[in-house]
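# Reading the structure
Chain by chain, the residues run as shown.
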Amino acid sequence: MFKRILVSQLTERLNEPRRFIQIVVGPRQTGKTTAVLQALEELNIQQHFVSADDPNLVSTEWLRNEWEQARALAKTREAVLVVDEIQKIKNWSSIVKLLWDEDNRLFSKLKVILTGSSSLLLQKGLAESLMGRFEILYSPHWSYMECKEAFGYSLDDFLFFGGYPGAAVLIKDETRWARYMGSSIVEPTISQDILQMEEIRKPALLRSLFILGCGYSAQELSFTKMLGQLQDAGNTVTLAHYLELLGKANMLTGLQNFSGSQIRTRKSSPRFMVFDTSLMTYADGANKQRLLDSAADKGRLVESAVGAYLLARGKEEGFEVYWWRDRSNEVDFIIKKGSHLTAIEVKSGRVKNVGGSLVFKKLYPEALSLIVGSANLSLEDFLLGRKPLFI
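Just so it is clear, the model here is predicted, and its values are computed rather than measured.

Definitions and limits used
- Residues numbered from 1 in each chain as written.
- Predicted model: local features only at pLDDT ≥ 70, side-chain atom pairs only at ≥ 80, totals over all residues.
- Heavy atoms only, no water.
- Axes fitted to C-alpha atoms, helices over the stretch in contact; angles between N-to-C directions.
- Helix = DSSP H or I, 4+ residues; strand = E, 2+ residues; numbered from the N terminus.
- Parallel < 35°, antiparallel > 145°, perpendicular 65-115°, else oblique.
- Left-handed = near helix turned anticlockwise from the far one by under 90°.
- Contact = heavy atoms within 4.5 Å.
- Core = buried A, V, L, I, M, F, W, Y, C linked by side-chain atoms within 4.5 Å.
- Buried < 20%, exposed > 50% of the residue type's maximum accessible area, 1.4 Å probe, protein only.
- Pairing = 2+ DSSP bridges.
- Polar contact = N/O pair within 3.5 Å; in protein donor to acceptor, adjacent residues only side chain to side chain.
- Phe/Tyr/Trp six-rings, centres within 6.5 Å; stacked < 30°, edge-to-face > 60°.
- Lys NZ or Arg CZ within 6 Å of the ring centre and 35° of its normal.
- Expected span 1.5 Å × (residues − 1).
- Nonpolar A, V, L, I, M, F, W, Y, C, P; charged D, E, K, R; others polar.
- Salt bridge = Lys/Arg side-chain N within 4 Å of Asp/Glu carboxyl O.

Remark: helix 1 (residues 5–14) packs on helix 2 (residues 32–41), axes separated minimally by 8 Å, with the N-to-C direction vectors making an angle of 50 degrees. Classified by the angle between their axes, helix 1 and helix 2 sit oblique to one another. For the crossing formed where helix 1 meets helix 2, the hand is right-handed. Residue-level contacts link Leu6, Val7, Leu10, Thr11 and Leu14 of helix 1 to Ala35, Val36, Gln38, Ala39 and Leu40 of helix 2.

As structure tokens, then:
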């Protein structure tokens, strides 16, 4: 069975002395639970695995009872408690803080792993109660390298079907694949993750914004223009908030225009970007052959695949992803890590202005320039991680 890097990361941390709660977070259906189980198989350690998947059956009292069972295992030697989908327990962070601190006072040998598909709810709980007590491990969408090795994907397969491992067995039947994407990924993420985060007054608008944004992935669209294309859109503040929630749910984000001024960056029109190209193709509804035969459509898929790859690596490696435009000059992606800058242009077949990288380089001479799709750096080599992103 294929093992992601996440498995070795978990195994390494569980072999360390007990210091922090390990929290595994990422989009739905990316293999978080599988990775945890694979890591536990590699360890000679007692374990207690429970799932909070049914919010009607779990509570803080339920969690305390399960924790006590794990504590009993840890009385003689090390043990690990795994709570899957922790965010479904109301006020989960407060009880976890209480129980973890109790274990610290008692010098308990119990290690703890928490997983959650809703980074929205997890982030809220972590910020409220658990500061200084946890480490985060990310489970992003699967990369091209992982899909190629695990499922034998071609580059075109990856561009269309993206990085959801559970959907890989369905790619020979595009209709069935699309139904799976809708019922197992898109709708549960919106209805169970985002709408549970806070009161959303216009759920239909949130769904419409998702479809619109997927259709415009790799393109700039101002909030004013969004208002003109969405019914009952309200105002730009509402749209910006909904887009922020979609971003925290690892579905759709709006890249901001890079500038030396953070004020200008925040005020810029967003460039839509999906976190996985399968969300584009699902929302479009077109078949694989038609999308890939169209130079413009394939060009957007290529640019979105590069953007999704950068977003996934940025979250893990701690860099920010932007785009850049100044009048008619633009660069597809700007990534920033500390004082390091890299300008990334994607030769995708789409007709667009050229020369933006040269203009950007004059403004920021310290920046590294990469051209994905050139003779020196193919799209495949870039997505396989064969080129360093920073000097």
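Back to the text.
Time to look at the nonpolar core. Counting 75 residues, the largest nonpolar core has Met226, Met251, Leu279, Leu310, Phe333, Phe382 and Leu383 as its most contacted members. Aside from chain neighbours lying at most four places away, what touches Met226 is Leu209, Leu212, Leu221, Leu239, Pro270 and Phe272. Counting 24 residues, the second largest nonpolar core, distinct from the first, contains Val50, Leu63, Ile89 and Leu130.

What follows is about the sheet that holds strand 3 (residues 79–84). Spatially, five strands are ordered 2-3-4-1-5 in an open sheet, and the strand pairing comes out parallel. Strand pairing shows two members of the sheet lacking a second neighbour, strand 2 (46–51) and strand 5 (134–138), which therefore form its edges. Direction aside, neighbouring strands of the sheet carry axes that sit 20 degrees apart on average. Here strand 1 (residues 21–25) runs beside strand 5; their pairing, made up of five bridges, is parallel. Across the sheet, residue Val24 finds its bridge partner in strand 5, namely Leu137. This element, helix 1, spans strand 1, strand 3, strand 4 (110–116) and strand 5 of the sheet and lies at about 160 degrees to strand 5.

So, about the environment of Ser374. Take Ser374: it is sitting in the loop between strand 11 (368–372) and helix 17 (379–383). With 104 residues separating them in the primary sequence, Ser374 and Pro270 have C-alpha atoms 27 Å apart. From its side chain, Ser374 meets the backbone oxygen of Ile371 in a polar contact 2.8 Å long.

Following the criterion strictly, the structure yields 14 aromatic pairs and no others. With centroids separated by 5.8 Å and ring planes inclined at 45 degrees, the aromatic side chains of Phe151 and Tyr153 adopt a geometry described as tilted. Classification of Phe151 as partly exposed rests on a relative accessible area of 33%. Linked through ring pairs, Phe258, Tyr322, Trp324, Phe360 and Tyr364 together constitute an aromatic cluster. For the cation-ring pair, Arg271 lies above Phe333, with the distance from its terminal atom to the ring centre recorded as 5.2 Å.

Before going further, it helps to examine helix 15 (residues 295–317). Residues separated by three or four positions in an α-helix point in the same direction, a consequence of the helix having 3.6 residues per turn. For helix 15, built from 23 residues, the straight-helix expectation of 33 Å at 1.5 Å per residue is met to within 8% by its first-to-last C-alpha distance of 32 Å. Positive backbone phi, approximately 80 degrees, marks Gly318, located one or two places after helix 15.

Glancing now at the packing of helix 9 (residues 203–215) against helix 13 (residues 277–284). With their axes 8 Å apart at the nearest point, helix 9 and helix 13 run at an angle of 110 degrees to one another. The orientation of helix 9 relative to helix 13 falls into the category roughly perpendicular. The residues of helix 13 that touch helix 9, namely those facing Phe210, Ile211 and Cys214, are Leu279, Met280 and Ala283. In the contact of helix 9 with helix 13, the residues fall into six nonpolar, no polar and no charged.

For the rest of this paragraph, the subject is the pattern of salt bridges. Here the structure, examined in full by the defined rule, presents 27 salt bridges. Here Glu42 and Lys3 are joined by a salt bridge, their closest N and O atoms 2.7 Å apart. Taken together, the residues span a long stretch of sequence, with Glu42 in the loop between helix 2 and strand 2 and Lys3 in the segment before helix 1 at a distance of 39 residues. With a shortest N-O distance of 3.3 Å, Arg271 and Asp332 are connected by a salt bridge. Of the two residues, Arg271 is situated in strand 7 (residues 271–274) and Asp332 in strand 9 (residues 329–337); the sequence distance between them amounts to 61 residues. Here Arg271 and Asp332 have matching classes, each one buried. Through salt bridges that share partners, Arg64, Glu68, Arg71, Glu102 and Asp103 make up one connected network.

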